Amino acid sequence: MAAPFKIYNTRTRKLEDFEPIEAGKIRLYACGNTVYDHCHIGHARGMILFDSFVRYLRHRGWDVDFVRNFTDVDDKIINRANELGEDPLALSARFIDEYHADATAMGLETPTQEPKVSESMDDIQGMIASLIEKGNAYQNEGSVWFDVGSFSEYGSLSGQKVDELRSADEASGKRSPADFALWKAVKPGEPAWPSPWGEGRPGWHIECSAMAKATLGDTIDIHGGGLDLVFPHHENEVAQSVCGNKADYARVWMHHGLLTMASGQKMGKSFGNVINVKVALEAFPAETLRLYYLQNQYRSPLPWGDEALSEALGMLSRLYEAREVAEAMKGEEPAENVAKSMGKDAQTVLDLGESFSERFYAAMDQDFNTALAIAHLMELSRAINRFGNLKKANKRGGPVVAAALKAFSLAADSMGLMRMTTEEFHAQVKEKRLAAMGIDPADVEKLIEDRGTARAEKNWDRADEIRKELEAKSIMVMDQADGVQWRVKL
RNA sequence: GGUGCCAUGGCCAAGUGGUAAGGCAAUGGUCUGCAAAACCAUGUAUCCCCGGUUCAAAUCCGGGUGGCACCUCCA
């Protein structure tokens, strides 16, 4: 029932046929955010990508158990909380709420489970105890360290060799520089939980091993996250889980590329160029972000820029308008008859529409080639518009575009695109783009009205003058058969 | 120093060995009072360079050059 697909596995650096542990089921774990601040557009890339992948897989018949965690106990959270004079757990709880608000605004589906570190202490401690018992970890002064030397396969995911690593971390108490913390002994002013090794809190990596095991079992199908997590985070997870569970950990490792700034600069606090999701969504409809991310290969680095986003918005607009054109078409005759009598453009729409899902699936099943899938959508849109230019298309074209219309709902169901009505879309564009440019919609409406008056009087000079005035504000006026409309230039 | 990724027309970008999707920009056109949207037409692309494998390579292999990422908190 579930459709086969190929997926690139970081572990083997190869494209592989996906083989589930259990037929028809996918256990997917994605590393979530450390919640000490608002989501930024880099987080958004991972969030949207995995949302789209999960939607697609479910659409194709897979039973996807999707777990995405929250890291709510962490150095960065404690530091931030101290700066603000806030309780660390209160701070992380606050940003979990903000995360959910951003996720909703971006149209994300809720994962099957969203475990938190603060609520997984038993699982975490159980795993640490197991690692100590098996001889893979040791205690020292209230902390517990993973003994990297005890795991011969260490480095197999990232290709790192222990001896070659630069060890900047010279924390005391470790036997070897490559060893990493499983449990950190409490320090003054930090949140702590009781444990067999003394008061303290978990290290960064153990949480994911423990939460993945608790929610999905010893061996999971796909483990995902940003490319920057491959080492050390995921490498360490492998070590912990393989040693602790005596089982394979993740069959497939799926890593998405990171966002870069158009300037070539990295996005980071120290550069002062972090853009929060909320800010981006003030200027662009959420689907713009989604289309932008989906238009690019998920493993490649992606440069962020207003111009690129505007392009994506333009594409989105064409998709919505093509769908609107198709939806407006009526007719009762069999599609083949209409196509035959209306010529090549009709036949093209019919053919592209009927073959769409096959081509769409072929693209997506090849390691989620969303860029190609969207290209198919654009091609179809052009065919619809071309056909729509024909005189009788409105009256008779309905049956011809019926299959094509399904393509748009396919995009909605399986990628999360095209989920608004055309009216909602245009309303959002106006609202957000005008706000971004600091233009009051009422001023625009007033000018449109004045121009209407001038046109009624055939005062073309005045009408054109107003058009120019509006153009200066990036407003396009469209005189159409059914009235005057205006759009924001994208 | 170690590890890995990438290099495709003016720009962005897909490409699963069989002679290159899609988008943006540009020019001309259809439509329009003028426009816009949409559509049509227009791009001889050394697929970074040099070798190799193959009947056939953007795609595979080797070497080179140039970017980037990770090895330190980072999605």
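Description of the structure in this document. (Residues numbered from 1 in each chain as written. Chains lettered and ligands numbered in written order. Predicted model: local features only at pLDDT ≥ 70, side-chain atom pairs only at ≥ 80, totals over all residues. Heavy atoms only, no water.)

### Here's the deal with the packing of aromatic side chains
Reasoning step 1: In the structure shown here, the tally under the stated rule is 19 aromatic pairs.
Reasoning step 2: Seen from their ring centres, phenylalanine 5 and tryptophan 62 are 5.7 Å apart, and the 90 degrees between their planes marks the pair as edge-to-face. Highlighted residues: phenylalanine 5 in the segment before β1 (6-9) and tryptophan 62 in the loop between α1 (41-59) and β4 (63-68), separated in sequence by 57 residues. Each member of the pair, phenylalanine 5 together with tryptophan 62, is buried.
Reasoning step 3: Grouped by ring-pair contacts, the aromatic residues Phe5, Phe18, Phe50, Phe53, Tyr56, Trp62, Tyr298, Phe356, Phe360, Tyr361 and Phe368 constitute a single cluster. (Phe/Tyr/Trp six-rings, centres within 6.5 Å; stacked < 30°, edge-to-face > 60°. Helix = DSSP H or I, 4+ residues; strand = E, 2+ residues; numbered from the N terminus. Buried < 20%, exposed > 50% of the residue type's maximum accessible area, 1.4 Å probe, protein only.)

### Some details on the protein's contact with RNA strand B
Reasoning step 1: Taken together, the neighbourhood of RNA strand B is formed by 49 residues, with Lys76, Trp204, Lys266, Asp464 and Asp479 sitting nearest.
Reasoning step 2: Within 4 Å of the protein, the contacting atoms of RNA strand B are drawn from sugar and phosphate to the extent of 64%.
Reasoning step 3: At 3.3 Å, a side-chain N or O of arginine 318 approaches a phosphate oxygen of RNA strand B.
Reasoning step 4: Within the side chain of arginine 382, an N or O atom sits 3.0 Å from a phosphate oxygen of RNA strand B.
Reasoning step 5: When residues of the surface near RNA strand B are traced back to their parent elements, those giving at least two are α1, α9 (306-327), α12 (370-388), α16 (441-456), α17 (460-472) and β13 (475-480).
Reasoning step 6: Each residue belonging to the surface near RNA strand B can be placed in one class, and the counts come to 17 nonpolar, 15 polar and 17 charged. (Near = heavy atom within 4 Å. Polar contact = N/O pair within 3.5 Å; in protein donor to acceptor, adjacent residues only side chain to side chain. Nonpolar A, V, L, I, M, F, W, Y, C, P; charged D, E, K, R; others polar.)

### Looking at empty space enclosed by the protein
Reasoning step 1: Under the criterion given, the structure shown has one cavity of 30 Å³ or more.
Reasoning step 2: Taken as a whole, the largest cavity spans an internal volume of roughly 30 Å³.
Reasoning step 3: Phe50, Asp51, Val54, Arg58, Phe66, Glu109 and Thr110 are the residues that line the largest cavity.
Reasoning step 4: Ranked by residue count, the leading element in the lining of the largest cavity is α1, at four residues.
Reasoning step 5: Split into classes, the residues belonging to the lining of the largest cavity amount to three nonpolar, one polar and three charged. (1 Å grid on protein atoms, 1.4 Å probe; cavity = no way out; pocket = protein on both sides within 12 Å on 5 of 7 lines; lining within 4 Å. Points joined across faces, edges and corners; volume = space filled by probe spheres on them.)

### Side note on the side chain of serine 209
Reasoning step 1: Locating serine 209 in the fold gives a position in helix α5 (residues 206-216).
Reasoning step 2: Take serine 209: its relative accessible area is 0%, and that puts it in the buried class.
Reasoning step 3: Not counting residues within four places of it along the chain, the set of residues in contact with serine 209 comprises Met127, Glu237, Gln240, Ser241 and Tyr249. (Contact = heavy atoms within 4.5 Å.)

### So, the sheet that holds strand β8 (residues 200-202)
Reasoning step 1: Reading across from one edge, β5-β6-β7-β8 is the order of the four strands in this open sheet, with antiparallel pairing throughout. Two strands bound the open sheet, and with one partner strand each, they are β5 (137-140) and β8. Averaged over all neighbouring strand pairs, the angle between strand axes comes to 20 degrees, with direction disregarded.
Reasoning step 2: Pairing between strand β6 (residues 143-146) and strand β7 (residues 180-185): three bridges, direction antiparallel. When the sheet's bridge partners are listed, valine 144 is paired in β7 with tryptophan 183. (Pairing = 2+ DSSP bridges. Axes fitted to C-alpha atoms, helices over the stretch in contact; angles between N-to-C directions.)

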